[in-house]
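Reading the structure
The chain contents come next:
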Amino acid sequence: MSNNQKHKAPSAGAKHTTNGNFIQENQKSLVFIIGGIVILILLYIGYQRFYLAPRAETAANQLFKAETYATIDSLQQRAIDGDGSYPGFKEIAAEYENTKSANIANAYLGGLYLRQGNYQEAINALEKYTNTGSVILDPLVIGLLGDAYVELKDYKKAASFYKKATDKNANKFTSPLMLKKLGLVYEAQNDFKNAVAAYKRIQSDYPDSHEATAIESYIARAEAQL
């Protein structure tokens, strides 16, 4: 997946701390908030061209401009609020409610709010998203909800979303990513037994995934805490 970069895994004997290590490892190794929105952008620059219904053509045209702003860091607020000539995702989501364009706009809004640190607003937007049938996007949006709750330090709720995302349209791209996040959430709660189970599932079910390449170190670290 885009933005997944190899990194040095933590040593098996490293002492785990709940908050600092968890956030740091997510940012470095799990395509956390930034990766999530980049993936959304890459998917939907192409996907929405073929998915939108003809009755929503106006919304689709306006969505395109907001998408363009979303790809430029310095212009992402325009992607949310619009530029005076074209509406942003917020207006599209409200004005064209119940259209597929509004659904996509909510997914973008959630990712952009996450990047800004507006976690509750991100949750509000992402909860308005409804499944499109996309094998990749649907679990990613659920995972972004998990990311938001991680930032709010509600690890129990984050775990519930990561579990749901793991099994939503299970595939070798999103499922191992969500399993790794799930394992780290369990570690943050000192639930090392379930952390080991999540990591081992990557190893057994998705051995060819990026996440599997260094998962043995995570397994060893969690097992050392049992």
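Here's a quick rundown of the structure. If you're wondering where the values come from, they're calculated on a predicted model, not measured in any experiment.

Rules used in this analysis
- Residues numbered from 1 in each chain as written.
- Predicted model: local features only at pLDDT ≥ 70, side-chain atom pairs only at ≥ 80, totals over all residues.
- Heavy atoms only, no water.
- Phe/Tyr/Trp six-rings, centres within 6.5 Å; stacked < 30°, edge-to-face > 60°.
- Helix = DSSP H or I, 4+ residues; strand = E, 2+ residues; numbered from the N terminus.
- Buried < 20%, exposed > 50% of the residue type's maximum accessible area, 1.4 Å probe, protein only.
- Contact = heavy atoms within 4.5 Å.

**As for the packing of aromatic side chains**
Counting across every chain of the model gives three aromatic pairs. Ring centres 5.6 Å apart and planes at 5 degrees place the aromatic pair Tyr149 and Phe161 in the stacked group. Placement of the pair is Tyr149 in helix 8 (residues 137-151) and Phe161 in helix 9 (residues 155-167), with a sequence separation of twelve residues. Per residue, the accessibility class of Tyr149 equals that of Phe161, and both read buried.

**Comments concerning unusual backbone geometry**
The bulk of non-glycine residues show a negative phi, and the bulk of peptide bonds are trans. Positive phi is not limited to glycine here, since Asn98 has a value of about 75 degrees. Tracing the sequence through the fold places Asn98 in the loop between helix 5 (89-95) and helix 6 (100-116). For Asn98, a relative accessible area of 68% translates into the label exposed.

**Some remarks on the environment of Ala159**
Mapped onto the elements, Ala159 comes out in helix 9. In this structure Ala159 comes out as buried when scored by relative accessible area, which is 4%. When the C-alpha atoms of Ala159 and Val185 are compared, they prove to be 6.2 Å apart, with 26 residues separating the residues in sequence. In this view, Ala159 contacts Leu182, Val185 and Gln189; residues no more than four positions away in its chain are not counted.

What is shown is where atoms sit, not what they do.
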